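# Overview (structure and organization)
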Amino acid sequence: MSSQDIPEENLPDERATDEGAEHGSVAVKDEPFTDPGLPPHEHRIQDLDERAAKRSERVVAFLFMVSMLATIGFIASYVTIDVDTSVYIFPLGHISALNFALGMTLGVALFCIGAGAVHWARTLMSDEEVVQERHPIEAEPEVKAKVLQDFADGARESQFGRRKLIRNTMFGALALVPLSGVVLLRDLGPLPEKKLRTTSWKKGLTLVNMNTNEPLLPSDIAVGSLTFAKPEGLEEHDEDFQTNIAKDALMLVRIQPENIKDKQELEWSHEGIVAYSKICTHVGCPISLYEQQTHHALCPCHQSTFDLSDGARVIFGPAGHALPQLRIGVNEEGHLEALSEFAEPVGPAFWERG
């Protein structure tokens, strides 16, 4: 910046300068402090030597490529490392291997993008100081044109179009880093897959009394009674017992065959014993009330009522569809057993229901 760019009122008075020179001081006409202006611009080695500029370009590209690899490592760690795995890291001790891997890879990815951008700015972008005088707040047409011109000059001076290696690797790093957040969305909950469509019931499984934990005989089911059952092999001490019983819970009632109105229900029953899912088709509450005179089963949560003598169809309440029926028979030992899986998903209706 030359003295011509400095306002005249800020320039030192020549006469006062001459008079005070012998005392080693500079006098100023109006201001107590002189404006030193800007020091002479010093060129960097990258400005003078294209080979040095190429080296800096490769360093920036290397940092962006490391960021891309770290992001891929983040995703791979999230997919492959078990959440219960631990490692010993000095001096931290035993820590979660998954948390350590995710933190390190994401930290490296973000650091390398930042370091690459800083190195790019300090070694390759223009570093000439530019002084701009204050101007009115309102944007004049000339100002708008100048802003656009400055933007074009900045784009040209950043060598963004010229340094294609930096540009492409930067785009790659910035494109991959957001994938870290996308992968973390999986922790919003496990994917249901086909778990909502299937239960533990299958052909040949014995019906076990929920209270006595003994296989059920047809004689154990009295007319007008309500009995709850579970599939053979499902024990309360199992780790996934609560998950499975929420779909496998069964209720059995014995109805006089002549009182069964639905043809399929009669075919799927055994000596008037019908087996229906205990899980209400409204919001999944367990059904526990039964009226033997009307053969109606009532959900205590929202009073959905099902007619167990007519295919367990809904006759009252907010439930959307009938209770699924399990086809049953007896095995060689005389115990009640399932002859197939449920024909449709149990519990509330959901968006994937087929």
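Residues numbered from 1 in each chain as written. Predicted model: local features only at pLDDT ≥ 70, side-chain atom pairs only at ≥ 80, totals over all residues. Heavy atoms only, no water.

## Regarding the nonpolar core
Met-251, Ile-255, Tyr-276, Ile-287, Leu-308 and Leu-323 are the most contacted members of the largest nonpolar core, which totals 18 residues. Among the secondary structure elements, those contributing two or more residues to this core are β5 (250-254) and β6 (273-277). Residues contacting Met-251, with those up to four places away along its chain left out, are Leu-226, Thr-227, Phe-228, Val-274, Ala-275, Tyr-276, Ser-277, Lys-278, Ile-287, Ala-297, Leu-308 and Leu-323. (Core = buried A, V, L, I, M, F, W, Y, C linked by side-chain atoms within 4.5 Å. Buried < 20%, exposed > 50% of the residue type's maximum accessible area, 1.4 Å probe, protein only. Helix = DSSP H or I, 4+ residues; strand = E, 2+ residues; numbered from the N terminus. Contact = heavy atoms within 4.5 Å.)

## Regarding helix α4 (residues 97-123)
The end-to-end C-alpha distance of α4, which contains 27 residues, comes to 38 Å, matching closely the 39 Å that a straight helix rising 1.5 Å per residue would cover. Within α4, the full set of buried residues consists of Ala-97, Leu-98, Ala-101, Leu-102, Thr-105, Ala-109, Cys-112, Ile-113, Gly-116, Trp-120 and Thr-123. (Expected span 1.5 Å × (residues − 1).)

## Topic: the UniProt feature "transmembrane region" (unreviewed entry) in the protein chain
Here, UniProt's "transmembrane region" (unreviewed entry) annotation points to residues 59-81, 101-121 and 165-185. Helix makes up 90% of residues 165-185 and strand 0%, and the two end C-alpha atoms of the span are 32 Å apart. (UniProt positions renumbered as here; feature names shortened; annotations may be inferred.)

## Regarding the sheet that holds strand β4 (residues 226-231)
The strands making up a sheet are joined through hydrogen bonds of the backbone, oriented either antiparallel or parallel. One open sheet holds the five strands; their spatial order is β3-β4-β5-β6-β11, and the pairing between them is antiparallel. This sheet does not close on itself; its edge strands, each paired only once, are β3 (207-209) and β11 (325-326). The sheet contact formed by β5 and β6 spans five bridges and is antiparallel. When the sheet's bridge partners are listed, Arg-254 is paired in β6 with Ile-273. (Pairing = 2+ DSSP bridges.)

## Details of the sheet that holds strand β8 (residues 296-298)
Read from one edge to the other, the open sheet built from four strands follows the order β7-β8-β9-β10, with strand pairing classed as antiparallel. Pairing within the sheet leaves two strands with one partner each, and these edge strands are β7 (289-291) and β10 (313-316). This sheet shows a mean twist of 30 degrees between the axes of neighbouring strands, independent of strand direction. Sheet topology note: the β8/strand β9 (residues 305-307) ladder contains three bridges and is antiparallel. Note that in β9 the partner of Ala-297 across the bridge is Phe-306. (Axes fitted to C-alpha atoms, helices over the stretch in contact; angles between N-to-C directions.)

## Description of the pattern of salt bridges
Applying the stated criterion across every chain yields a total of 11 salt bridges. Between Arg-51 and Asp-49 there is a salt bridge whose closest N-O contact spans 3.7 Å. Given a relative accessible area of 23%, Asp-49 falls into the partly exposed group. A salt bridge links Lys-261 to Asp-307, with the nearest nitrogen and oxygen atoms 3.9 Å apart. Taken as a pair, Lys-261 in the loop between β5 and α9 (263-267) and Asp-307 in strand β9 lie far apart in primary sequence, 46 residues in all. Its relative accessible area of 58% is what places Lys-261 among the exposed residues. A network of salt bridges, in which partner residues are shared, links Glu-50, Lys-54, Glu-57, Arg-162 and Arg-163. (Salt bridge = Lys/Arg side-chain N within 4 Å of Asp/Glu carboxyl O.)

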